Amino acid sequence: MRALLEGQEGSLWVGTDSGLVRLQEGRARLYTTRDGLPGDKVRALAEDRDGNLWVGAEEGGLARLSEGGFAVLGSKQGLSGAGVISLLEDHEGSLWVGTASGGLHRLRDAPFVAFGQPEGLRDELVSVVLEDRQGALWVGSYSGGLTRMKDGELTHFGQEEGLPVGNLRALTEDRDGKLWVGTSGGAFRYDGRSFTRVGREQGLPDELLFSLFADSRGDVWFGTLGGLSRLHEGTFTHFGPERGGPEQPVVSIAEDSEGTLWFGSFGGLYRRTADGAFTRYTTAEGLAGNRVVDVYADPRGGVWAGSSTGLTLVRGGRFTRFTTAQGLVDDAVFRILEDAEGHLWMSCNRGISRVSRRELEEVAEGQRTTVRPLLFDRRDGMRSAECNGGMFPSGWRTRDGKLWFPTLRGLVSVDPEKVVVRRPLAQPRLEEVRVQGRPVPFAGKLVLEPGQRDVEFRFTALSLGDSTRPPLRYRLVGHDEDWVDGEDRRSVSYTHLPPGDYRFMVTAANRDAVWTDPGPVVELTVVPRYYQTGWFFTLCALGVGALAMGGYALRVGRLKRRERWLEARVDERTRELARANRELDENLRALRQAQSQLVQAGKMVAVGTLAAGVGHEINNPLAYIVSNLDHVSAETGALKRELPVGVPGRRRLEDMERALSEARHGADRVRRIVQDLKTFSRGDEDVSGPVDLHAVLDSAAKLASNELTPRARLVKDYGESGWVDGNESRLAQVFLNLIINSAQALPEGQSATHEVRLVTRLDGERVVAEVRDSGCGIPPDVIGRIFDPFFTTKPVGVGTGLGLALCHRFITAMGGEIAVESEPGKGTVVRVTLRAAAAPVSEIQGVRAMQQEQEGSRVRGRVMIVDDDVMVSSALRRTLAREHDVEVVTSSRQALELLKGPKGTEVDVVLCDLMMPDLTGMELHADLETSAPAVARRMVFVTGGAFTPAARTFMDTVKNARVDKPFDPQLLREQVREWVVKARSGVPGQAA
């Protein structure tokens, strides 16, 4: 016999090595593994407040007997250690399970149920969820495809059924019961058997979808990167800014009871009435934020708009904003769902909150100032508190009333009708009282004898249902005017207390900020010394009066002498004050300079955000500036050579030549700056290939120079080979972060004594890159956590704790390793190991050899320039016209007709702009690839560098050469010569 328990119904339960025995009314019943027990050796028994019997077995885990059957909880349900040796239910309803080898576990009911990979989903990063008319739940994920949940069975849909690989961004069901799936590569319609793609070929203007919605009229609306489109009776109609529609991505759509459609976009909230008219609302009208990620049409009228900066109620022409100032748990609102009881459930990064709709309306009507939300997070059954949003729908209310939300770790479900918020109050306890540093008993009244004026109170609070530390506040009545927030402190000291009577109290709050009544109260009396009593002060006052009368006469005589002394001191103080004023002026100037630097730093943050777009806009005019400067410089040099030495005009031409050379040097500096910014502003791509690690380190060091120069010398110790297999943009971000971290570990103003060293070397088939600094180093107790997300040793507001975590993620994703070696006081070494790659082999050498075999001097080729920008095309023509016959065509459609005709066989090289409004270079190439493939192979694409996703895919696919703006005129002329030689010699392949 191992355990005994008397049940609530009067039966006696006995745990033995042979099973569980129940004795009732003189009868015995044996339960063994054949009846569902996890093991026959029963070691612990407990009965909870609901009458369920819990059985702990030495092997097999924990079992619950209810309604005549056993349910087993083992390792799959999170129980560590198979042997259960003790059970206890606390006053808050939690069951505590003690195991032989897995420690102590707490088991309690949670309102949320999670569905992730353990339950059958292929990817826990869920994006969208929807219930169809048959009651099936469809779940879309970032990389696990589409899953259908029906009657406990899961069916997965992926590439085999026609869906693309990647993120599923939107779901909807049309009037015919067809399911629509939105992706980054178009929409897909499911007819019950297979998926059919709908994209540009069918008239969809943009294939990057953010939302889908089927309205009551039978139309399907598509929210894309380029705005809004509607599918009506098989025909697409685009509603852009010219028709009053949104130009930013539309991420949520709703229809109210009057048939009015509401669209949430990154540019505000849009309303479309039955007559087709659009109305836009932004923060100027009262929205909490212009980045609207969800819209909920209230059946009682009006809409609720959730944004990244708050919640907005639009009703009766009025806008009411709700943020954390009005009581919301977070300003970000990803999804809004309403239950049958009139509560709004909103997802955010902190979890899922429930707010009374009536309380929100009372705030809107001015009847109250704040709401009282309830926050649900990991403590309530969620595996991750952070929810997903920005895709539609990112939450759904099913017919049975349950609410479903996608999170970073699967899908969560909650039944609002079954949510019983029983969050017990934490119980404050006074653990110890110390007087003059020594513990004393504190039962009853505490008296401090004369001379004892220092007292310390040590307190705490415990809530078994909440693993976090409950907030505490305390008050010493007679000393503290109000309650004092204890923050993380669990003790408070009072020193030099004046004599008198005091009362110490402490209280605690639960998760919902409900404070308990004060716990143990300590009555405290501080006994005064004799000189602190009233009669002593009276005697002192009389004595002081007598001394004052006697000293008055003496004082008057001294005042005259002091007056003269003060005059001398005033003069001295005046000089000291003047000197102090000068020092103050110098300090003020230093503060203004620091303020100016802070303002400039803020501006640089905004400049970094705009770098990618501005770089593209700079490249076009910079292209013809560089070309025209080269042309004017060449003409000026030629004209100077034609004039004899000593002619008056020759001196002016020499000055012009120097000025043009300086301008060309400045333009080349702008070009290099734009190229560096492009590397760091590039999107988060997954494309990998050969990367020049030395060039990446140089660019990162250049951008980090403002942080590095005042603190240390930069030393480059590069090996022979620096080519690695990886992603250039992510490597640039990694090394920029590492160099800045090294710089910030060094004190300013000591650059001569400190250094940051960049080292590369080849280690077999791996390339090792090291960032070394001579800083303060990293303590041993910290170095093991530096790659943890949100861990930082920097002051609050300086770092997010994500930099090194992202570096670790990027390097490991590229198949590399990142490690840290550090010794306090001697510096730190961050070592990055990557796969070595072979340097790309240039085709220019082969072409040049071919060019040398041509007879005569240079081959004069026939070049066609296709570019809608007249300035760029003119610059290209002037650059090439001396050596080749150049024809400029500013219309891509006209160029297509010419190249498809006899002209196409005559042209050696076609320089074509990649992005043109009428017909893009990609579309021109696709047409020529079919009608004139030889001409298509001779195309060279000219681009400013700002690729769309489609353009980036195109350039990664085709083998044609590319010329980046701004181009080097001399290099361009050399390349065109080689391409002409290659075209004339009939060498197969592309132009370069």
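The coordinates are above.
Residues numbered from 1 in each chain as written. Predicted model: local features only at pLDDT ≥ 70, side-chain atom pairs only at ≥ 80, totals over all residues. Heavy atoms only, no water.

Q: Teacher, can you tell me more about the sheet that holds strand 54 (residues 817–823) here?
A: Each strand in a sheet pairs with its neighbour through backbone hydrogen bonds, running either in the same direction (parallel) or in the opposite one (antiparallel). What the five strands build is an open sheet, ordered 50-52-53-55-54; its pairing is mixed. The open sheet has two free edges, formed respectively by strand 50 (713–717) and strand 54, since each of these has just one partner strand. Averaged over all adjacent pairs, the angle separating strand axes in this sheet is 15°, with direction ignored. Pairing of strand 50 with strand 52 (residues 755–763) involves five bridges; the strand directions are parallel. Residue K716 lies in a different strand from strand 52, and its bridge partner there is L758. (Pairing = 2+ DSSP bridges. Helix = DSSP H or I, 4+ residues; strand = E, 2+ residues; numbered from the N terminus. Axes fitted to C-alpha atoms, helices over the stretch in contact; angles between N-to-C directions.)

Q: What's the story with the packing of helix 11 (residues 892–900) against helix 13 (residues 921–931) in this structure? I'm lost.
A: When two helices pack together, their arrangement is given by the angle between the helix axes and by the axis-to-axis distance. Packing of helix 11 against helix 13 brings their axes to within 11 Å, and their N-to-C directions diverge by 15°. With respect to helix 13, the axis of helix 11 lies roughly parallel. In the packing of helix 11 onto helix 13, the handedness of the crossing is right-handed. Across the interface between the two elements, S892, L896, L899 and K900 of helix 11 pack against L924, D927, L928 and S931 of helix 13. Considered class by class, the residues forming the contact of helix 11 with helix 13 number four nonpolar, two polar and two charged. (Parallel < 35°, antiparallel > 145°, perpendicular 65-115°, else oblique. Left-handed = near helix turned anticlockwise from the far one by under 90°. Contact = heavy atoms within 4.5 Å. Nonpolar A, V, L, I, M, F, W, Y, C, P; charged D, E, K, R; others polar.)

Q: What exactly am I supposed to notice about the nonpolar core here?
A: If you look at soluble globular proteins, the nonpolar side chains tend to sit buried side by side. One finds L731, F735, I739 and I811 to be the most contacted residues of the largest nonpolar core, which totals 36 residues. Those elements giving two or more residues to this core turn out to be helix 4 (693–703), helix 6 (728–744), strand 52, strand 53 (766–773), helix 8 (803–813), strand 54 and strand 55 (827–835). For this core, the element with the highest residue contribution is helix 6, accounting for eight residues. (Core = buried A, V, L, I, M, F, W, Y, C linked by side-chain atoms within 4.5 Å. Buried < 20%, exposed > 50% of the residue type's maximum accessible area, 1.4 Å probe, protein only.)

Q: Please explain the packing of helix 4 against helix 6 as it appears in this structure.
A: At a closest axis distance of 9 Å, the pairing of helix 4 and helix 6 adopts a crossing angle of 45°. Taken together, helix 4 and helix 6 sit at an angle that is classed as oblique. Of the two elements, helix 4 crosses helix 6, and the hand of that crossing is right-handed. Here helix 4 contributes L693, V696, L697, A700, A701 and L703 to the contact with helix 6, which in turn contributes E728, L731, A732, F735, L736 and I739. Looking at the contact of helix 4 with helix 6 residue by residue, the class counts come to eleven nonpolar, no polar and one charged.

Q: Looking at this structure, I do not really get the pattern of salt bridges. What am I missing?
A: Once their charged atoms are close, side chains differing in charge can pair, the charge on each being opposite to the other. The tally for this structure, following the rule as stated, stands at 55 salt bridges. With its nearest N and O atoms 3.1 Å apart, the salt bridge here joins R315 to E361. In this pair, R315 is assigned in strand 31 (residues 310–315) and E361 in helix 1 (residues 357–364), connecting sequence segments 46 residues apart. One salt bridge connects K965 with D913, and the closest N-O pair in it is separated by 3.7 Å. One end of the pair, K965, is in the loop between strand 60 (962–964) and helix 16 (969–985); the other, D913, is in strand 58 (residues 909–913), and 52 residues separate them in sequence. With respect to class, K965 is no different from D913; both count as buried. Because the salt bridges share partners, they merge into one network encompassing D298, R300, R315, E338, R357, R358, E359, E361, E362, E365, R368 and R372. (Salt bridge = Lys/Arg side-chain N within 4 Å of Asp/Glu carboxyl O.)

Q: Where do I start with the pairing of strand 26 (residues 261–265) in this structure?
A: Burial runs high along strand 26: five of the five residues are buried. Side-chain alternation along strand 26 places L261, F263 and S265 on one buried face and W262 and G264 on a second face that is also buried. Taken together, strand 25 (residues 250–255) and the strand that follows it, strand 26, pair antiparallel across an intervening segment of five residues, in which G259 is found at a positive phi of about 85°. What sits between strand 26 and strand 27 (residues 268–272) in their antiparallel hairpin is a turn of two residues.

Q: Help me understand helix 1, please; the structure alone is not making it clear to me.
A: Along an α-helix, residues three or four positions apart point the same way, because every turn accommodates 3.6 residues. Taking burial as the measure, the eight residues of helix 1 include seven buried ones, the bulk of the element. Along helix 1, the positions that sit buried rather than exposed are R357, E359, L360, E361, E362, V363 and A364. Elements that come into contact with the buried residues of helix 1 comprise strand 30 (303–307), strand 31, strand 32 (318–322), strand 33 (335–338), strand 34 (343–348) and strand 35 (351–356). The N-cap of helix 1, judged by a side-chain oxygen 3.3 Å from the amide nitrogen of R358 a few residues on, is S356. Note on helix 1: the residue one or two positions beyond its end, G366, has a positive phi of about 80°. (Polar contact = N/O pair within 3.5 Å; in protein donor to acceptor, adjacent residues only side chain to side chain.)

Q: Honestly, the side chain of H105 in this entry has me stumped. Any pointers?
A: Take H105: it is sitting in strand 11 (residues 104–107). Among the polar contacts listed, one links the side chain of H105 to the backbone oxygen of G102, at a separation of 3.3 Å. Beyond its immediate chain neighbours, meaning those up to four positions away, H105 contacts G78, L79, S80, L95, W96, V97 and T99.

Q: For this particular structure, what's the right way to read the side chain of R272?
A: Relative to the helices and strands, R272 is located in strand 27. Once residues within four sequence positions are removed from consideration, R272 is found in contact with W221, R230, F239, T260, L261, F263, A277 and F278.

Q: Explain helix 10 (residues 870–880) here, please?
A: Every buried residue of helix 10 is listed here: V872, S873, S874, A875, L876, T879 and L880. Taking the backbone nitrogen of M871 as reference, a side-chain oxygen 3.1 Å away marks D869 as the first, capping residue of helix 10.

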